[in-house]
Amino acid sequence: MARPGLRRLGTRGPGGSPGRRPALGAPASVPYSGTGQPGGVRGAGVCKSRPLDLVFIIDSSRSVRPLEFTKVKTFVSKIIDTLDIGPADTRVAVVNYASTVKIEFHLQTHSDKQSLKRAVAQITPLSTGTMSGLAIQTAMDEAFTVEAGARGPSSNIPKVAIIVTDGRPQDQVNEVAERARASGIELYAVGVDRADMESLKMMASEPLDEHVFYVETYGVIEKLSSRFQETFCALDPCALGTHQCQHVCISDGEGRHHCECSQGYSLNADKKTCSAIDKCARNTHGCEHICVNDRTGSYHCECYEGYTLNEDKKTCSAQDQCALGTHGCQHICVNDRAGSHHCECYEGYTLNEDKKTCSAQDQCALGTHGCQHICVNDRAGSHHCECYEGYTLNEDKKTCSAQDQCALGTHGCQHICVNDRAGSHHCECYEGYTLNEDKKTCSVLNQCALGSHDCQHICVYDGSASYHCDCDTGYTLNEDKKTCSAIEEARRLISTEDACACEATLAFQDKSLDDILEKLQANEYGQVHR
């Protein structure tokens with residue numbers, strides 16, 4: 001929702017409501033400090049910081065670079081230097097946030113400046129995201145509690161929060177900031193660089209020109225510490241708590257003040273107490289969407305989210321939040337009817353419960369991949385297809401075709417590769433070898449021992465899977481190298497015309513056969529199988 005424009009930096013009375021500092025250049029009722037600083041600037045004996053329950057809410061998302069985050073911590077430490085720290089004085093807590101929120105330390109954790117500054121120096125950035133609304137809600141629910149060290153209403157100690165950010169909130173801040181202000185927390189908003197000014201206004205207390213700050217870089221944020229020093233310096237009844245205002249004490253300078261009332265109230269005749277007013281409840285406002293009561297008994301109209309107020313300041317028109325870039329969607333913003341919108345994700349992602357951010361999905365597990373054989377998940381929610389062994393991926397990157405591994409030479413067979421159906425293969429061995437258990441390599445086998453030699457009489461194993469055939473005594477090996485014929489039969493076939501030659505030949509053959517048999521029997525020639 002839109003809120004009134006900026007005014008100026010201000011102070012807050014102990015009653016918990018915002019107030020104003022003296023106008024720049026106004027005469028100061030503070031004597032010269034003797035340190036070269038005019039009255040009104042804090043120095044020894046010049047002023048004392050009023051007691052506060054002060055919570056810093058600092059943005060440490062990824063857009064804040066390490067050196068810039070160090071500047072933020074220096075800014076926080078410089079403000080701490082200007083305060084009187086102690087259980088009875090100012091107490092300080094720090095809430096660190098990005099997409100998550102972490103309370104670095106509570107109001108009751110540190111009671112002196114040195115331990116506070118050491119704790120600030122040790123703070124480290126969190127991660128991505130800018131959940132400003134969640135950070136304010138956490139500060140309200142967990143940091144500003146009596147259990148965490150905040151002082152109760154009877155103590156009349158102001159509750160102050162300073163939020164520092166350089167981005168646009170990724171959640172709703174308007175309503176949570178309004179609840180924080182209504183609970184008595186005074187909100188200061190400090191924007192840096194890319195910070196969204198409208199979001200700063202939504203978060204800050206009124207008057208906005210006293211509670212909204214903007215600097216172009218983190219390099220100059222430290223200069224704002226002097227502005228907060230002036231704000232937190234107690235010089236008047238508002239800061240001292242002697243004003244008796246029921247709601248808001250406004251410092252007018254030179255020790256003067258006046259009382260005002262919170263939104264929806266009017267100041268009574270005693271100029272101190274307040275009575276509730278509600279123009280919107282009377283239903284005479286004419287606002288199309290929302291009527292908002294102002295302090296002075298007047299009201300203004302606002303529109304529902306996704307709408308903008310027309311020039312008549314009463315009616316509303318739907319706006320295109322997707323085009324305005326205020327949607328907060330991580331991936332895709334889709335306009336709906338009546339000025340609303342919803343977020344969607346890129347292919348391969350699903351929408352998270354926050355309805356804005358996206359997470360990568362496992363398309364392989366979902367069964368939507370279209371791969372014929374194997375689906376393999378890649379990073380960032382994508383996937384690719386692969387094929388079983390013996391297949392190659394086709395051009396469509398989804399289907400597979402069988403490949404000839406034997407021809408490709410990738411089979412690993414020692415002897416013979418044999419293609420099977422469906423792109424597979426098996427290994428075989430040469431004759432005289434047998435396939436080992438690994439189904440790829442081969443070992444020599446003894447065909448003589450196996451009985452697969454076909455020798456009629458004797459099988460002689462030669463090693464390396466080879467063998468030859470021999471015959472029994474009185475026989476000779478035929479030309480087929482396997483069968484045998486009796487020697488007497490051979491003798492009858494020899495011509496008897498040359499008796500001397502025949503007798504000499506037979507005598508030589510008898511001697512040769514006798515020598516062979518003698519060697520076989522002595523196992524000097526090889527292994528003999530009959």
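Quick caveat: nothing in here was measured; it's all calculated off a predicted structure. (Residues numbered from 1 in each chain as written. Predicted model: local features only at pLDDT ≥ 70, side-chain atom pairs only at ≥ 80, totals over all residues. Heavy atoms only, no water.)

### Structural notes on the overall build of the protein
Secondary structure assignment for the protein yields 13 helices and 33 strands. Within the span of the protein, comprising 530 residues, buried residues form 42% of the whole. Intrachain contacts of the protein at a sequence separation of at least 6 include 51% that bridge at least 24 residues. Total accessible area on the protein is roughly 28,200 Å²; 50% of this is exposed by carbon and sulfur atoms. (Helix = DSSP H or I, 4+ residues; strand = E, 2+ residues; numbered from the N terminus. Buried < 20%, exposed > 50% of the residue type's maximum accessible area, 1.4 Å probe, protein only. Contact = heavy atoms within 4.5 Å. Areas by Shrake-Rupley, 256 points an atom, 1.4 Å probe, with all protein chains shown as cover.)

### Some words on the confidence of the model for the protein
In this model, the protein carries a mean pLDDT of 80, and residues with pLDDT of at least 70 account for 79%. The low-confidence segment residues 1-46, where pLDDT is below 50, has 131 contacts with residues more than four positions distant or belonging to other chains. Confidence drops under pLDDT 50 across residues 523-529; counting only partners more than four residues distant or on other chains, this segment forms 19 contacts. (pLDDT = per-residue confidence, 0-100.)

### Quick look at the pattern of salt bridges
Two side chains of opposite charge can pair, provided their charged atoms sit close to one another. The tally for this structure, following the rule as stated, stands at ten salt bridges. Its salt-bridge partner being Glu68, residue Arg65 comes within 3.4 Å of it at the nearest N-O pair. With a shortest N-O distance of 3.9 Å, Lys71 and Glu222 are connected by a salt bridge. Of this pair, Lys71 sits in helix H1 (residues 66-81) while Glu222 sits in the loop between strand S7 (212-215) and helix H6 (225-231), and the two are 151 residues apart along the sequence. A relative accessible area of 18% means that Glu222 is categorised as buried. Through salt bridges with shared partners, a single network forms among Lys71, Lys78 and Glu222. (Salt bridge = Lys/Arg side-chain N within 4 Å of Asp/Glu carboxyl O.)

### Regarding unusual backbone geometry
Residue Pro207 is reached from Glu206 by a cis peptide bond, and omega for that bond is -5°. Along the chain, Pro207 turns up in the loop between helix H5 (197-203) and S7. Even without being glycine, Lys439 reaches a positive phi, approximately 65°. You can see Lys439 is positioned in the loop between strand S27 (433-435) and strand S28 (442-444). Positioned with a positive phi, Asp454 is a non-glycine residue whose angle comes to about 70°. Take Asp454: it is sitting in the loop between helix H11 (447-450) and strand S29 (458-463). Assessed through its relative accessible area of 59%, Asp454 is described here as exposed.

### A few points about the pairing of S7
Note: strand S6 (residues 185-192) against S7, four bridges, orientation parallel. In the sheet register, Ala189 faces S7, and the bridge partner there is Val212. Of the crossover connections in this fold, the one passing from S6 over H5 to the parallel S7 is right-handed. (Pairing = 2+ DSSP bridges. Right-handed = clockwise from strand over helix to strand, strands pointing away.)

### Observations concerning the state of the cysteines
A disulfide bridge is the covalent bond that connects two cysteines by way of their sulfur atoms. Counting across every chain of the model gives 17 disulfides. Note that Cys303 is cross-linked by a disulfide to Cys316, the S-S spacing being 2.0 Å. One disulfide, between Cys303 and Cys316, carries an S-S torsion of -90° and so falls in the left-handed class. Taken as a pair, Cys303 in the loop between strand S14 (299-302) and strand S15 (307-309) and Cys316 in strand S16 (residues 316-318) lie far apart in primary sequence, 13 residues in all. There is no split in this pair, since Cys303 and Cys316 are both buried. Residue Cys448 pairs covalently with Cys459 via a disulfide, S to S 1.9 Å. Disulfide Cys448 to Cys459: torsion about the S-S bond roughly -65°, handedness left-handed. With Cys448 in helix H11 and Cys459 in strand S29, this residue pair connects regions lying eleven residues apart in the sequence. Neither Cys448 nor Cys459 differs from the other in exposure class; each is buried. (Disulfide = S-S within 2.5 Å.)

### Quick look at the packing of helix H3 (residues 132-143) against helix H4 (residues 174-182)
Close contact between H3 and H4 brings their axes to 9 Å; oriented N to C, the two are set at 25°. On the basis of their axis angle, the class for H3 and H4 is roughly parallel. Our pair here, H3 against H4, has a crossing hand that is left-handed. Each of Gly133, Ile136, Gln137 and Met140 in H3 lies in contact with H4, whose residues at this interface are Val176, Ala177, Arg179 and Ala180. Residue composition of the contact of H3 with H4, grouped by class: five nonpolar, two polar and one charged. (Axes fitted to C-alpha atoms, helices over the stretch in contact; angles between N-to-C directions. Parallel < 35°, antiparallel > 145°, perpendicular 65-115°, else oblique. Left-handed = near helix turned anticlockwise from the far one by under 90°. Nonpolar A, V, L, I, M, F, W, Y, C, P; charged D, E, K, R; others polar.)

### Let's talk about the environment of Thr399
In this fold, Thr399 is placed in the loop between strand S23 (391-393) and strand S24 (400-402). Judged by relative accessible area, which is 29%, Thr399 ranks as partly exposed. Note: C-alpha distance between Thr399 and His373 (26 residues apart in sequence) is 7.4 Å. Not counting residues within four places of it along the chain, the set of residues in contact with Thr399 comprises Gln372, Cys387, Thr392, Leu393 and Asn394. At 2.8 Å, the side chain of Thr399 and the side chain of Asn394 are in polar contact. Within the structure, the side chain of Thr399 is placed 2.7 Å from the side chain of Asp396, a separation counted as a polar contact. (Polar contact = N/O pair within 3.5 Å; in protein donor to acceptor, adjacent residues only side chain to side chain.)

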